[in-house]
Amino acid sequence: MPIVRPEFLQPPLSPDLIARLTAIVGDKYAVTDAEELAQYLTEARNLFHGRSPLVLRPASTAEVSAICKLASEHRIALVPQGGNTGLVGGQTPHSGEVVVSMRRMDRIREVDTASNTMTVEAGVILQTIQRRADEADRFFPLSLGAEGSCTIGGNLSTNAGGTGALAYGVARDMALGLEVVLADGRILNGLSKLKKDNTGYDLRNLFIGAEGTLGIITAAVVKLFSKPRSVQTAFVGLKSPADALKLLAISQAEAAGSLTSFELLAEICVDICLKHGTDIRDPLAYRHPWYVLMEISSSRDDAAATVEAVLDRGIRNGFVGDAVLAASLQQRAAFWKLRETIPPAQKREGGSIKHDISVPVAAVPAFIAEANIAVAKLIPDARPVPFGHLGDGNIHYNVSQPVSGMTTQEFLARWQEVNAVVFKIALRMGGSISAEHGIGVLKRDDLPGVKDKTAIEVMRGIKALFDPLGIMNPGKVL
Ligand code: FAD
């Protein structure tokens, strides 16, 4: 199991302070009841269990500001929380901190189709932004498995990636401006719609990916994009990750910027989805060791023709074994459902040691091959379940426990050992130990070993500047 070593212990809050914090949001929106608190203290995978005397649910930037001001006056540690879908324990109060849940700040302040921007509060659910963009005949491309429950504030704070990053970039690339409440309660109003603004240091980008350690994001201006006129999705059977790389090269040559997703799945991913998922069908008639789920979204009516041209080249060159094109929106949704079923299906297979690795795209086949060998040496019957965003070089190199001969507890006790060998291979290839999920507490103690020493020093300096009392999400990232 990941080890959480809280470096900060929140002294118990006096009844007077609890009452003063409660007064800011109103009784109805301050949670102290143990049963109601529970949903804020554990997360989707049930890996992290926190404790907190109080969850505050502010409705406005002014309320967040008042909370931070009082917290800094009395040195009360705060943990910002959005949809609570984060995968590295960043949103969990590990040491009795007060949770600031942003879910009530869920207003869309403005849709500006002339500037192609939307101004949203931090607690707006990602899927709501996608739908609102669609209604305005625009497209918001950030997309991930948790989009029905994660918030834009959480997406920006983790700099989320997801399945559209290949063409549109990560959350950072979709933000123009931010409104942030600093640790001392001051409001940094950067809700700019400008693409060009060279007036000094880029403060916005410091908060994106900071995982709530520098301040609380209360609102953002995000970019809207043109809706693609045609979309085609294919599910392709292949022999190896090396063949998937060849298919990627052909796809990029044929489709250029229109290649919007390129997901790699090992055969075991399809096996477990068929076994545990509901309404999941094998898209292809025959089994293959590897699969690619690819999507082309074009501003013209040529997505289907482009996918066909790509697959035709793959078949003629002898490395595409089998492929199916989505014949309807339902079939497209079924392909994506299979992809999104992998994490819950893997949970049903028992213990899983997770990785969120990125390596240069060309190194992905070698990374998977070497990691498989290294893991097999450590735990011979462990089952690697690699899948992820091949187009970005981002592989969720997860490892499921052996089918028999080991309890979940025994398997998870090897977490650090398995991490160590997998990280070592990724780093040797010029990769990262956290491509898109962040550091949180899960990888906090690994960071100093893998990040440039000067970079860590500068990060500590920035943290001290924005949060001199260390009350913003203590014990996370650094
Ligand atoms: P939370 O989990 O509540 O918080 C995450 C972090 O952000 C914490 O450190 C928290 O303190 C901080 N935070 C939250 N809101 C604020 C705020 N307003 N101001 C300051 N700090 C804040 N991630 C990807 O990148 N790509 C994927 O493809 C992907 N797929 C996923 C699939 C599933 C099934 C699940 C469960 C998760 C997945 N994730 C993925 C991880 C997760 O969904 C993202 O990290 C998401 O961006 C978190 O948003 P959230 O609102 O749930 O944030």
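Only a predicted model underlies this, so the values are computations on that prediction, with no experimental measurement involved.

Caption draft 1: Quick peek at the pairing of strand β13 (residues 259-266). Within β13, 8 of the 8 residues are buried, leaving the element largely enclosed by the surrounding structure. Relative to strand β14 (residues 290-298), β13 runs antiparallel, the two sharing 7 bridges. If you follow Ser261 over to β14, its bridge partner there is Glu295. When β13 meets strand β18 (residues 383-389), the two strands line up antiparallel, connected through 3 bridges. Looking across to β18, one finds that Leu265 is bridged to Phe387.

Caption draft 2: Summary view of the nonpolar core. Core analysis: the largest hydrophobic core is formed by 75 residues, its most contacted members being Phe235, Leu247, Met294 and Phe367. Those residues in contact with Phe235 that sit more than four places away from it in its chain are Leu265, Val270, Pro283, Leu284, Tyr291, Val292, Leu293, Asp322, Ala323, Val324, Phe335 and Leu338. Ranked by size, the runner-up nonpolar core spans 29 residues in total, among them Val120, Tyr168, Ala171 and Ile208.

Caption draft 3: Spotlight on the UniProt feature "domain: FAD-binding PCMH-type" (unreviewed entry) in the chain. Per the UniProt record, "domain: FAD-binding PCMH-type" (unreviewed entry) is found at residues 48-227. Helix makes up 21% of residues 48-227 and strand makes up 25%, while its end C-alpha atoms are separated by 39 Å.

Caption draft 4: Focus on the side chain of Asp467. With respect to the helices and strands, Asp467 occurs in the segment after α16 (453-466). From its side chain, Asp467 meets the backbone nitrogen of Met472 in a polar contact 2.9 Å long. When residues no more than four places from it in sequence are discounted, the contact partners of Asp467 are Ala183, Thr213 and Met472.

Caption draft 5: Quick peek at unusual backbone geometry. The phi torsion at Glu211 lies on the positive side, around 55 degrees, for a residue other than glycine. Topologically, Glu211 is positioned in the loop between α7 (204-207) and β10 (215-223). The class of Glu211 is buried, set by a relative accessible area of 10%. Here Asn473, not a glycine, exhibits a phi torsion of approximately 45 degrees, which is positive. A residue is classified by how much of its surface remains accessible, and Asn473, at 2% relative accessible area, is buried.

Caption draft 6: Local environment of the pattern of salt bridges. Per the stated rule, a full pass over the model turns up 27 salt bridges. Across the salt bridge formed by Arg204 and Asp202, the nearest N and O atoms sit 3.9 Å from each other. The residue Lys246 makes a salt bridge to Asp243 at a minimum N-O spacing of 3.3 Å. Here Lys246 and its partner Asp243 are both found in helix α8 (residues 241-255), 3 residues apart, which amounts to about one turn of the helix. Relative accessible area serves as the criterion here: at 8%, Asp243 is assigned to the buried category. Via salt bridges that share partners, Arg107, Arg109, Glu121 and Glu179 belong to a single interconnected network.

Caption draft 7: Examining the site of the ligand more closely. The immediate surroundings of the ligand are formed by 34 residues, with Pro80, Gly82, Thr85, Gly86 and Thr151 found nearest. One of the side-chain nitrogen or oxygen atoms of Thr158 is found 2.9 Å away from an oxygen atom of the ligand. Put simply, the parts of the chain that give the shell around the ligand at least two residues each are β3 (78-81), α5 (152-158) and β10. Split by residue class, the shell around the ligand holds 10 nonpolar, 22 polar and 2 charged.

Caption draft 8: Representation of the sheet that holds strand β8 (residues 175-182) in the model. Spatially, the 5 strands line up as an open sheet ordered β5-β6-β10-β8-β9, and their pairing is antiparallel. Strands with a single pairing partner mark the edges of an open sheet, and in this sheet they are β5 (108-112) and β9 (187-190). Direction aside, the axes of adjacent strands within the sheet are offset by 15 degrees on average. Bridge count for β5 against strand β6 (residues 117-121) is 4 bridges, and the pairing is antiparallel. Looking at β6, one finds that Val111 is bridged to Met118. In the packing of helix α4 (residues 126-135) onto the sheet, the strands contacted are β5 and β6, and the crossing angle to β6 comes to about 145 degrees.

Calculation rules
- Residues numbered from 1 in each chain as written.
- Predicted model: local features only at pLDDT ≥ 70, side-chain atom pairs only at ≥ 80, totals over all residues.
- Heavy atoms only, no water.
- Buried < 20%, exposed > 50% of the residue type's maximum accessible area, 1.4 Å probe, protein only.
- Helix = DSSP H or I, 4+ residues; strand = E, 2+ residues; numbered from the N terminus.
- Pairing = 2+ DSSP bridges.
- Core = buried A, V, L, I, M, F, W, Y, C linked by side-chain atoms within 4.5 Å.
- Contact = heavy atoms within 4.5 Å.
- UniProt positions renumbered as here; feature names shortened; annotations may be inferred.
- Polar contact = N/O pair within 3.5 Å; in protein donor to acceptor, adjacent residues only side chain to side chain.
- Salt bridge = Lys/Arg side-chain N within 4 Å of Asp/Glu carboxyl O.
- Near = heavy atom within 4 Å.
- Nonpolar A, V, L, I, M, F, W, Y, C, P; charged D, E, K, R; others polar.
- Axes fitted to C-alpha atoms, helices over the stretch in contact; angles between N-to-C directions.

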